[in-house]
Amino acid sequence: MKVLVTGAKGFVGKNLIANLSLDENYEIFEYDIDTDPGLLDKYTKECEFVFHLAGVNRPKDEEEFMKGNFGFTSTLLDKLKENGNKAPVLITSSIQAALDNPYGISKKAGEDLIFSYGKENGVEVFIYRMPNVFGKWCRPNYNSAVATFCHNIARGLPITVNDPNHQMSLVYIDDVVAEITRASKGRANKNKEDNLCYIEPVYSITLGKIVELLEKYKASSKTLDVPSNEHPIERALFATYLSYLPEEEMVYDLKMNVDQRGSFTEIIRTINCGQFSVNVAKPGITKGNHWHNTKNEKFLVVSGEGIIRLRKIDEDKTYEFRVSGEKLQVVSMLPGYTHNIENVGTDDLVTFMWCNECFDPENPDTFFLKV
């Protein structure tokens, strides 16, 4: 399918093109404000679907709203009609089209023009009235509070929150791209009553909560906490925040607990899934010799050679497992079993460890006992 994408360099356009480019079934004609106007005639002759994403939302003069959101739409439709092209047309509008302000009025005018064009020419049209869209590649300090907050907080810059209790309605860019791509395949979410299309899901969250979460993400390089994936909006917001990290924030140091035996370093702490660490033991060193009531762990040796031993604390039988980085195996540390790990090789023994709960110094649940 040959598709025309206007506003190709914009937030939604860049994300859409990046994903359509992965599908060999699409040939993409990219059109933006700096594209040779002469190409519009070629593109509107050949395209089989139109993603009309171009628009104006932060002009220097209010008159530019109508010029950008109505004027270019009119030019685009005239070109399609002139070339006898009845390709379906999809336009991204805004929930502000229902409001009486210059931006909303211009968006409503664009919607009406599309509806009329579709009816008069027997062309299928898709009009998406979208709330605020957030995600990677959105321009900060422009028209998205989420993009601005992510950009500034990641850099330690100040932000302004006039009303922390202000309720935001948001849709995530991946959901937008997935939906409008489905529309190009004839599977749009369309409301039969008003013929408007819609994105799902729509998230409702306060500005204050957004800032609270972003501040936690900022601190995560120190706390090692990662957010829960239980709530989809938090998963999406964390991904969005990460996309705005400056180079100096892409890497961070970990606290290595080092002694003559080697080192132990926490990597990640989670809310519900425990913590991940890496343990390094020097040749001839044995670490561990303790047991837990409830805490349980999984050991994975990724380099070196070692022996992991477990013994139920009220029995004499010892279980031994020879492990090495040559064959990746997980060994479970069971509650009520004292355990240790010995480096029997000539190089450092490097073990990736998971524990089902984060270490709590007030309740360590760790008791010394030789295997």
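Before going into details, it helps to say that this report is about the structure given with it. (Residues numbered from 1 in each chain as written. Predicted model: local features only at pLDDT ≥ 70, side-chain atom pairs only at ≥ 80, totals over all residues. Heavy atoms only, no water.)

Now for the overall build of the chain. From N to C terminus, the chain includes eight helices and 21 strands. For the chain, the C-alpha radius of gyration of 29 Å lies well beyond 21 Å, the compact-globule estimate for 371 residues. A separation threshold of at least 6 residues defines the contact pool for the chain, and within that pool the share at least 24 residues apart is 73%. For the chain, the computed accessible surface area is about 19800 Å², with 50% contributed by carbon and sulfur atoms. (Helix = DSSP H or I, 4+ residues; strand = E, 2+ residues; numbered from the N terminus. Rg over C-alpha atoms; globule rule 2.2 N^0.38 Å. Contact = heavy atoms within 4.5 Å. Areas by Shrake-Rupley, 256 points an atom, 1.4 Å probe, with all protein chains shown as cover.)

Take the packing of helix α5 (residues 145-154) against helix α7 (residues 207-223) next. Each packed pair of helices is defined by two parameters, the angle between the axes and the distance between the axes. At a minimum axis distance of 10 Å, the contact between α5 and α7 shows a crossing angle of 30°. Considering their axes alone, α5 and α7 lie roughly parallel with respect to each other. Classified by chirality, the crossing of α7 by α5 is right-handed. Packed against α5, whose contacting residues are Ala145, Val146, Phe149, Cys150, Ile153 and Ala154, the element α7 presents Leu207, Ile210, Val211, Leu214, Glu215 and Lys218 at the interface. Within the contact of α5 with α7, the residues separate by chemical class into 10 nonpolar, no polar and two charged. (Axes fitted to C-alpha atoms, helices over the stretch in contact; angles between N-to-C directions. Parallel < 35°, antiparallel > 145°, perpendicular 65-115°, else oblique. Left-handed = near helix turned anticlockwise from the far one by under 90°. Nonpolar A, V, L, I, M, F, W, Y, C, P; charged D, E, K, R; others polar.)

The pairing of strand β16 (residues 305-312) with strand β17 (residues 318-324) spans seven bridges and is classified as antiparallel. Residue pairing across strands places Arg311 opposite Thr318, the latter belonging to β17. Taken together, β16 and the strand that follows it, β17, pair antiparallel across an intervening segment of five residues. (Pairing = 2+ DSSP bridges.)

Side-chain direction in a regular strand flips from residue to residue, so the side chains alternate between the two faces of the sheet. Alignment of strand β10 (residues 225-226) against strand β12 (residues 262-270), held across two bridges, turns out to be parallel. Pairing of Asp225 across the sheet is with Arg269, part of β12. Pairing between strand β11 (residues 256-259) and β12: four bridges, direction antiparallel. Across the sheet, the residue bridging to Met256 is Thr265, located in β12. Linking two consecutive strands that pair antiparallel, namely β11 and β12, is a turn of two residues. Across seven bridges, β12 lies against strand β13 (residues 275-281) in antiparallel orientation. Bridge pairing in β13 links Ile268 to Phe276. Hairpin connection from β12 to β13: four residues lie between these consecutive antiparallel strands, with Gly274 at a positive phi of about 75°.

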